[in-house]
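Residues per chain are reported as follows:
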Amino acid sequence: MSGIGTGYDLSTTTYSPDGKVFQVDYACKAVDNGGLALGVRCKDGVVLGVEKLLAMKMLVPGANRRIAAIDRHAGMAGTGPAPG
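Residues numbered from 1 in each chain as written. Predicted model: local features only at pLDDT ≥ 70, side-chain atom pairs only at ≥ 80, totals over all residues. Heavy atoms only, no water.

## Focus on the overall build of the protein chain
When helices and strands are tallied, the protein chain shows one helix and four strands. Ordering the α and β elements of the protein chain from the N terminus gives α-β-β-β-β. Scored against the burial criterion, the 84 residues of the protein chain give a buried share of 8%. For the protein chain, the proportion of contacts with a sequence separation of at least 24, taken over those separated by at least 6, is 16%. On the protein chain, roughly 7300 Å² of surface is accessible, and the fraction owed to carbon and sulfur atoms is 59%. (Helix = DSSP H or I, 4+ residues; strand = E, 2+ residues; numbered from the N terminus. Buried < 20%, exposed > 50% of the residue type's maximum accessible area, 1.4 Å probe, protein only. Contact = heavy atoms within 4.5 Å. Areas by Shrake-Rupley, 256 points an atom, 1.4 Å probe, with all protein chains shown as cover.)

Encoded structure:
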């Protein structure tokens with residue numbers, strides 16, 4: 001059985017001797033670790049909601065936002081690990 005770091009986890013087109021594609025397993029784990037984002041369209045606009053993050057000592061307040069304005073007429077909600 002192949003383990004992590006044996007060279008078979010470097011590409012999405014490389015199968016391990018067991019027939020696994022480790023990148024697919026990693027993607028599934030990332031989805032499992034993601035949170036919930038919900039958008040509701042109503043008569044007067046749109047409501048976006050996301051899960052509240054647990055407070056961590058190393059998290060800078062206000063640095064890890066899950067809802068952002070893109071423009072005056074557009075916004076977005078995101079879940080999962082935010083890029084640094």
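## Section: the pairing of strand β2 (residues 45–50)
Pairing between strand β1 (residues 37–42) and β2: six bridges, direction antiparallel. In the strand pairing of β2, V40 is matched with V47. From the end of β1 to the start of β2, which pair antiparallel, there are two residues. (Pairing = 2+ DSSP bridges.)

## Examining the pairing of strand β4 (residues 74–77)
The sheet contact formed by strand β3 (residues 67–71) and β4 spans four bridges and is antiparallel. Residue I67 lies in a different strand from β4, and its bridge partner there is A77.

## Brief notes about the pattern of salt bridges
The tally for this structure, following the rule as stated, stands at one salt bridge. In this structure, D25 engages K20 in a salt bridge whose closest nitrogen and oxygen atoms are separated by 3.3 Å. (Salt bridge = Lys/Arg side-chain N within 4 Å of Asp/Glu carboxyl O.)

## Some details on a nonpolar patch on the surface
A contiguous nonpolar patch, built from L38, V40 and V47 and spanning about 260 Å² of accessible area, is present on the exposed surface. Mapped onto the elements, V40 comes out in strand β1. Residue V40 is classed as partly exposed on the basis of its relative accessible area, which comes to 41%. (Patch = residues over 30% accessible without salt bridge, like charges linked within 9 Å, V, L, I, M, F, W, Y side chains within 5 Å.)

## Overview of the confidence of the model for the protein chain
Parts of the prediction with low pLDDT should not have their coordinates interpreted in detail. Looking at the protein chain as a whole, the pLDDT averages 75, with 77% of positions reaching at least 70. Element-level pLDDT for the protein chain is lowest in helix α1 (residues 22–33), with a mean of 78, against a maximum mean of 86 in β1. (pLDDT = per-residue confidence, 0-100.)

## Examining the environment of V24
If you trace the backbone, V24 turns up in helix α1. With 15 residues separating them along the chain, V24 and D9 place their C-alpha atoms 9.4 Å apart.

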